[in-house]
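# A look at the structure
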Number of protein chains: 4
Amino acid sequence: HNQVTVECVSAEPLETLLADLAKVNNSRERASKLFQWLITPIPDKMFFRETWEKKPIFVQRKNPDYYKGLFSTAELDRIFREEDVQYGVNLDVTSYTNGKRETLNPPGRVLPYTAWDFYESGCSLRMLNPQAFSSTVWNVLSILQEQFGSMAGANIYLTPPGTQGFAPHYDDIEAFVVQLEGKKHWRVYSPRCQGCLLCDFSSANFDQADIGKPILDVVVEAGDLIYFPRGFIHQGNCLPDAHSLHITISSYQKNSWGDLLQKLVPAALEVAMEEDVEFRRGLPLDYLTYMGVQNSDKEDPRRAKFFSRIDNLMKRLTNYAPLDAAVDQKAKDFIHDCLPPTLTPDELVTSVKGAPTRWEGGQVKDVGVHITTQTQIRILRAQCARLCNDGDAVHLYYTTDNSRVYHKEQLKSFEIKPEYTDAVEFLIHSYPGFVTVGSLPCESAQDRIALAELLFEKGIIHTAEPL
Amino acid sequence: HNQVTVECVSAEPLETLLADLAKVNNSRERASKLFQWLITPIPDKMFFRETWEKKPIFVQRKNPDYYKGLFSTAELDRIFREEDVQYGVNLDVTSYTNGKRETLNPPGRVLPYTAWDFYESGCSLRMLNPQAFSSTVWNVLSILQEQFGSMAGANIYLTPPGTQGFAPHYDDIEAFVVQLEGKKHWRVYSPRCQGCLLCDFSSANFDQADIGKPILDVVVEAGDLIYFPRGFIHQGNCLPDAHSLHITISSYQKNSWGDLLQKLVPAALEVAMEEDVEFRRGLPLDYLTYMGVQNSDKEDPRRAKFFSRIDNLMKRLTNYAPLDAAVDQKAKDFIHDCLPPTLTPDELVTSVKGAPTRWEGGQVKDVGVHITTQTQIRILRAQCARLCNDGDAVHLYYTTDNSRVYHKEQLKSFEIKPEYTDAVEFLIHSYPGFVTVGSLPCESAQDRIALAELLFEKGIIHTAEPL
Amino acid sequence: HNQVTVECVSAEPLETLLADLAKVNNSRERASKLFQWLITPIPDKMFFRETWEKKPIFVQRKNPDYYKGLFSTAELDRIFREEDVQYGVNLDVTSYTNGKRETLNPPGRVLPYTAWDFYESGCSLRMLNPQAFSSTVWNVLSILQEQFGSMAGANIYLTPPGTQGFAPHYDDIEAFVVQLEGKKHWRVYSPRCQGCLLCDFSSANFDQADIGKPILDVVVEAGDLIYFPRGFIHQGNCLPDAHSLHITISSYQKNSWGDLLQKLVPAALEVAMEEDVEFRRGLPLDYLTYMGVQNSDKEDPRRAKFFSRIDNLMKRLTNYAPLDAAVDQKAKDFIHDCLPPTLTPDELVTSVKGAPTRWEGGQVKDVGVHITTQTQIRILRAQCARLCNDGDAVHLYYTTDNSRVYHKEQLKSFEIKPEYTDAVEFLIHSYPGFVTVGSLPCESAQDRIALAELLFEKGIIHTAEPL
Amino acid sequence: HNQVTVECVSAEPLETLLADLAKVNNSRERASKLFQWLITPIPDKMFFRETWEKKPIFVQRKNPDYYKGLFSTAELDRIFREEDVQYGVNLDVTSYTNGKRETLNPPGRVLPYTAWDFYESGCSLRMLNPQAFSSTVWNVLSILQEQFGSMAGANIYLTPPGTQGFAPHYDDIEAFVVQLEGKKHWRVYSPRCQGCLLCDFSSANFDQADIGKPILDVVVEAGDLIYFPRGFIHQGNCLPDAHSLHITISSYQKNSWGDLLQKLVPAALEVAMEEDVEFRRGLPLDYLTYMGVQNSDKEDPRRAKFFSRIDNLMKRLTNYAPLDAAVDQKAKDFIHDCLPPTLTPDELVTSVKGAPTRWEGGQVKDVGVHITTQTQIRILRAQCARLCNDGDAVHLYYTTDNSRVYHKEQLKSFEIKPEYTDAVEFLIHSYPGFVTVGSLPCESAQDRIALAELLFEKGIIHTAEPL
């Protein structure tokens, strides 16, 4: 069934929830709990079994405050006022009237004076990367990305009463539409063809005539949620009596088995050509005379033989597929896509960003406070760093120097010398447990401390107690 | 004489000075007063007549608080902690030991933990664009750029006791070394050659043996100032008993008559070729046989004739020099180089950034508050916008959308239609006076308001009263 | 066995052979006969069954004139004198002395005066594209490329008595070393590792100590041949009493099953992602926690399941492999690599290059001689044109406008409108038979003639009788 | 007057003339004689004094064979047949009908079959670089370029009877229209404005209505010549009874005093800024407030002062103008533009291209024939090489390795070591005399021979007697 209705009268405010989650010891558990909050009352196991990537669902909560604190139009106003938001880069002004979709971005910076003028004239406003401007959105997404093992993104949509900002279309991501203010009339439609289901690219705009009847047709109010998988056509419009503000949380863009195979298969072929002479043997002298589109209608026994040989080679290919290395390619992309972690107060005082070293009274203080073999450390998040083998050398890729702006920083990594790889792996696998620096499997105490210092300076680890 | 000593016991704090300056009605006057504060007690007229571009000068004030509030190491510590400062981009770690100059930047973000470690080990820290991180530095420089009519930049230098961070060298800018904390031993040397005086590029590092005796050799203490023109070699080192923090305020990079001629002369030649057939006539058939380096020792009467013809043409060139257009090229560069203005509270509430339009209580408020023909307006700063003729069209270039980071935004401009140019020029020349929108020399009231709206939205003008 | 010795006393001169081949009606048959001449007395079937891509072979003929007419040092001297041969582009000057390999190319054009000076001082000369300078080499290679279905290339090597020009190495092509003048001592060695056999890239230079004992160690004299497959290490040196001139005819560079798979496999994956939802399904939420190099030592049942899913998908991939389209990609590369055909006198007068249209006596003659429905036509060579499907449109790719210089011209093609594809396919499949223009399966006589005119103008077809 | 009529019945054939010129000892004299032939019967002194760059002139000879042998349509037919002429690159197909100018180039190679079809349908054919295909045109232009000291180029125009191929326009070169076959009606018009006379760029096509009345309106027949300077509008059309073939020989593109000043003036400014502190002084602090287009109507005494300062600096600029170095920049461009020299039989046997070194009878012959101190040498052409000072080093630039295709080869040069510059200059200035290698002002005989060998190998010098 596509709808769950429940009265969630007693939900704790998001601020309290996030403060509680900050005390959860393991970032994966934290992610799981926050995701559960997002889809409550559906149990997450059930959600992933029955709904995820399968069908849309509508969760009606009759509690306008359920998502309160995540984002608001007042926050948007503040952002316009205080931050450097650029039309066309961070904010789109759009309209969809009489079947015609338009984008109306002027050049330059967004200010309340101009943005609200657009809004009053019936335009929708879409903020493209609210995580760069809102600490709460950043925090929520940075937690959720550990749930998905794939980038969690977000857009904000503000729509004036009685208008629609976008034409019907489908996207290439799993979408969680979180209604924050007002209400919106949503219609979701089945994919139009086999190839659209879970499609890996977004559609053009559809005409109303071409999309059939909705399989979900509901009015979503503040505190409600709609989820729909990639490939499902959707459109939302405001009723005459209320504006709408929602945030769409998205994930699983280019995160399919096929996306992994795109890394794996060319690598497999490379290995096969190195290791298996069958792949290096020459093609038949005459193959161009019976193969190719121009010969595809020919009845030639050599064609069958050729097909069979290809078949055989493609089957052998699996034997050479460097799967873990291909997963590492995906992992590196993910590390690059990740938001940097938001630190809890405890994490702050135990990591490099909150280290006590400072300028005070005309001189440097606490500069000598360094890591010892007794210091207990762990990585900051289950997935804030990843060890990957790049041909000859091993590198540690990490998220802690990423920017809140997507790919503004390049992928961060540094080489891990062979004598340190075991220690780094040990650290990663020990999470969420703390280990003493002295227990790292390195050759000398000096090495152990040097490694810990390095990881601490990059913000990858924190200590059990403030230094 | 190279030194002025005065006791400035009663200087008002910078904060008060800036608040007072905010009330000065004319940005040029404001710039002039702030510059006077910088070089007090030397009268600015005297300074520009006797010192500027001519010789170094040392102003000793015996008042460590004179420049207080401009910047401090505590502020630097805060910036390291709170802002995204990158080694090698915003901060350089340097040392100069036993005649060897080194730069020791690690990759990544600056944090107190690592930065103060470098400092404690004897390295100097140079912050390259403090105006991007300190509002006071931004404010001061954005005022001073109107004094110079040329970009005002700044670097911050923090040096540990008993060390030196840089080798002797000269720069390509006019330098005002403002001592903020501690003290520093400075030595300034005369240019080493005719071509070094007012040199338009910076030197490599000099060996101590090659620079002769200093013409200025002083200990600069907090509240003191040294100025020296481009081309003067200088070096500063900390005494064992005190660290040093200074800010070097710079200007007049590539702002010489020659720099203007580099814009002017090719343009003059282009005009001459269009307008004067003498420039289009063919060279003599045989000129390659007697001219050129290979023939430069030849005694050939044709050489003298050729030289004389060239002489004559170069003299004629002056007649075709489009001087105002070339100045506009310089002006556009300056507009691009400028820091955006820092708004006073009064300016804020009368300009687009502080316009009352806002989201409040679930809806947009004051969106209808617009400009009328009675509204009194003026440009925000004497030089925040400039009308330039670019061949066929006229554009208005403006600074208000510039970034605090040098050239992070491209040069901003938009076309001014012919029917609006007079009004824009009228506005610019009316500064610092306000004029009513109705008085703009446009064809219709509608045009007057449309132009004012446009300029208001770009932040180029503000109103006499809040809208 | 690696050696065939036979006395070929009565071979006809190459010139006569080529004249005879010009009368062979089918270009593939022509290619086969010329290849048979190359490897005589080994029957070609036996050669391809037992030797090709398997082992080196030496054919000793005791007839120094066997390959006479193909190329000579006298021809090289003529080329240096008359053609624009550039050092480093068309000719390399090399030496290999005391285990050290050097390239000694000066800049600029090759002239006998400098080239022979290098030769006299003991350097070898390697001409890189003799087909661009020698019509006979061009003719021979343009015929042989139809035998191989893969580009046939050539280098010329001239070595002074008592010297060696190259270090031991292996290449990435099948090599036919044709001794033209003098003699050379050749040693061929087995591949040093599994991956070297039929290797798809050339090796660096080997040290003598690392290559073991030769499996072939012979003195090759004019009229003899050595063949060895890619991956076999080889070196040749001149004996003190004679210089050596040989031409190495090569083919099958990047022409293996693996090379075809490199076109096929990414295309298969693209199709699979479009057509099979299994490829579009999301990866498991937690796969990054147990997959990847960092987890490769983990014993986790999810790993086996993941491997098995990948296995399954890779097997399904075969179902989506667009094999004929991938062969077309290879075919297009081949069409681009091909030498343009050399026309026989008969072909010349029946094709566009020899059409009678001309300027004569102050006016144009025979310009009205055009194709009619009675004209009999066929494509010029079995493989001079190829019909390929490129997504939405069908294009005809052709070799007749290629250059004798490798890839100097870009790949030539034009679109074939849907109403013409059958006729073009009919023409291609009718080869070597002629068909009347009237028999082309087009809608109208006008269409038939328009198509024939187009193909005639591009030099792709010729007529049975001169127009 | 614009017209010269003379009967030239007894002109010697061009072949004979060129053979005679080959015996002229000095390439400049040779150039002068050939140019005299081109404009006969006008004496060249008179031509350059009264006509060149001043006005059009028509030379009517009543001798259709006067220019015979230079080029013909039969030669064009041969070129289409034998050479790789490409539509759009080497040949344009054009028409001008009812005031509409069209270019009809198909893609691909030109063949008689297609080219003559265009011609018969009324299109004109323009061959863009006949010097690459015709040895005679190459020879003539390579001689004439020494007359002009500027590149001599050519286009061929073939026009069918009763048609016109081009719209009225003017060009940026001095044009010598040499009628080779048939006849053409030519109209030449005065420049339309002051700036068009000797214009340095070509015009767009004019409408007939806009060009006024011709100042020259004649029927040009084979053997006749029209000359007109750049900037003069012209058009030619064929009468119904005859086709037309002409070659336009052109020169003096970008070869004006202004073009030289474009090299000179920026260099002068660079020197001035290094040597004269007045150019390095800062601009007035407030110049942007009274200068610039926005202030150009202001009456401000500072403007006059500013203008006067600029005036003064521009006058000083002349003192720093490195004229010979700027001429060298022009000279280098010319050396790059030059056609390579065509060698006479005598020159061939005395230069590197005809050196006796060769392969003969299985070995190298005459490789030991080298230059001695007794060998007499000179540069091959007065201007085939030029010594230029490029900052720190001296290079010799030369034309002998240029291509017949414009700029196909990059500018050729090599460094001349300081100890050789005197010798090279001596050689250049000794032309047309021969000097012995022994007389070169070098330090040792070995140096003299090494330098001579180098120049000989580059084809820059030849010897008095065959080596």
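These lines cover the structure that appears in this document, whether it is placed above or below. (Residues numbered from 1 in each chain as written. Chains lettered and ligands numbered in written order. Predicted model: local features only at pLDDT ≥ 70, side-chain atom pairs only at ≥ 80, totals over all residues. Heavy atoms only, no water.)

### Quick look at the overall build of chain A
Within chain A, the secondary structure is distributed over 13 helices and 19 strands. Counting only residues that meet the buried cut, chain A has 58% of its 467 residues in that class. In chain A, 78% of the contacts between residues at least 6 apart in sequence involve partners at least 24 apart. Of the charged side chains in chain A, 48 are positive and 62 negative; the average position of the first set lies 3 Å away from that of the second. (Helix = DSSP H or I, 4+ residues; strand = E, 2+ residues; numbered from the N terminus. Buried < 20%, exposed > 50% of the residue type's maximum accessible area, 1.4 Å probe, protein only. Contact = heavy atoms within 4.5 Å. Lys, Arg positive; Asp, Glu negative; His and termini not counted. Charge placed at Lys NZ, Arg CZ, Asp CG, Glu CD.)

### Let's talk about the interface of chain A and chain C
Each partner contributes to the interface: chain A provides 75 residues, whereas chain C provides 75 residues. Carbon and sulfur atoms make up 66% of the area that chain A and chain C hide from each other, which totals about 6700 Å². When the buried surface of chain A facing chain C is broken down by residue, Trp257, Leu285 and Gln294 of chain A rank first, second and third, together holding 15% of it. Taken together, the links from chain A to chain C amount to two salt bridges. With a closest N to O distance of 2.6 Å, Asp324 of chain A and Arg303 of chain C form a salt bridge. Between chain A and chain C we count 38 residue pairs in polar contact (both at pLDDT 80 or more) in total. At the level of elements, helix 6 (135–148), helix 7 (257–275), helix 8 (277–280), helix 9 (301–317), helix 10 (323–337), strand 15 (385–390) and helix 12 (418–430) of chain A are the ones that each hand at least two residues to the side of chain A that touches chain C. Among the elements that take part in the side of chain A that touches chain C, helix 7 of chain A stands out by supplying twelve residues, more than any other. (Buried area = accessible area lost by both parts, 1.4 Å probe. Salt bridge = Lys/Arg side-chain N within 4 Å of Asp/Glu carboxyl O. Polar contact = N/O pair within 3.5 Å; in protein donor to acceptor, adjacent residues only side chain to side chain.)

### Here's the deal with the side chain of Asp276 of chain D
Mapped onto the elements of the fold, Asp276 of chain D is located in the loop between helix 7 (257–275) and helix 8 (277–280). A polar contact is formed between the side chain of Asp276 of chain D and the side chain of Arg316 of chain D, at a distance of 2.9 Å.

### Quick look at the interface of chain C and chain D
At the interface, 37 residues of chain C touch 37 residues of chain D. Both faces combined, the contact of chain C with chain D buries some 3100 Å², and carbon together with sulfur accounts for 61% of it. When residues of chain C are sorted by the area they lose upon contact with chain D, Tyr113, Lys353 and Trp359 of chain C head the list and together hold 27% of the total. Across the contact surface, chain C and chain D share zero salt bridges.

### Quick word on the state of the cysteines
Inspection of the entire model under this criterion finds four disulfides over all chains. Disulfide partner of Cys193 of chain A: Cys196 of chain A, at an S-S distance of 2.5 Å. Disulfide Cys193 of chain A-Cys196 of chain A: the torsion about the S-S bond is 80 degrees, which places it as right-handed. On the basis of relative accessibility, which here comes to 38%, the residue Cys193 of chain A falls in the partly exposed class. Take Cys123 of chain B: it sits in no disulfide, and the sulfur closest to it among the cysteines is that of Cys238 of chain B, at 13 Å. No disulfide involves Cys442 of chain B; its sulfur sits 18 Å from the nearest other cysteine sulfur, which is in Cys384 of chain B. Note on Cys442 of chain B: relative accessible area 9%, which makes it buried. (Disulfide = S-S within 2.5 Å.)

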